[in-house]
Amino acid sequence: MRKLCILALLAVAACGADGEPVQPTLNAYGGFGGSGGYVGGAVGLNKGPLGIYLGF
């Protein structure tokens, strides 16, 4: 019984049921300003309230 409980706990932890999954994001933008046009964007990862982004 103990082995079965440990195996079930490991299975639940492996499928991501213990929390929110990591969400990748991609943002792109562009426009025209007084000195010409511009293009930019960002890629990042979100997990709960934490987000890490890299802009380009």
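Parameters at a glance
- Residues numbered from 1 in each chain as written.
- Predicted model: local features only at pLDDT ≥ 70, side-chain atom pairs only at ≥ 80, totals over all residues.
- Heavy atoms only, no water.
- Helix = DSSP H or I, 4+ residues; strand = E, 2+ residues; numbered from the N terminus.
- Buried < 20%, exposed > 50% of the residue type's maximum accessible area, 1.4 Å probe, protein only.
- Contact = heavy atoms within 4.5 Å.
- Areas by Shrake-Rupley, 256 points an atom, 1.4 Å probe, with all protein chains shown as cover.
- Patch = residues over 30% accessible without salt bridge, like charges linked within 9 Å, V, L, I, M, F, W, Y side chains within 5 Å.
- Salt bridge = Lys/Arg side-chain N within 4 Å of Asp/Glu carboxyl O.
- Pairing = 2+ DSSP bridges.

Participant: Where do I start with the overall build of the protein in this structure?
Facilitator: For the protein, the helix and strand inventory stands at one helix and three strands. Tracing the protein from N to C terminus, the helices and strands come up as α-β-β-β. Counting the 56 residues in the protein, one finds 7% classified as buried. Summarising the internal contacts of the protein: among those between residues at least 6 apart in sequence, 15% fall at separations of at least 24. Roughly 4900 Å² of accessible area belongs to the protein as shown, and the carbon and sulfur atoms make up 69% of that amount.

Participant: Just checking my understanding: could you explain a nonpolar patch on the surface for this structure?
Facilitator: Residues Leu26, Val43, Leu54 and Phe56 make up a contiguous nonpolar surface patch of roughly 440 Å² in combined accessible area. Within the element layout of this structure, valine 43 appears in strand S2 (residues 36-47). Take valine 43: its relative accessible area is 36%, and that puts it in the partly exposed class.

Participant: Before we go on, may I ask you to explain the pairing of strand S1 (residues 23-33) in this structure?
Facilitator: A regular strand places its side chains on the two faces of the sheet in alternate fashion. Relative to S2, S1 runs antiparallel, the two sharing 11 bridges. Within S2, the position partnered with leucine 26 by the bridge is valine 43. In this antiparallel pair of consecutive strands, S1 and S2, the connection spans two residues.

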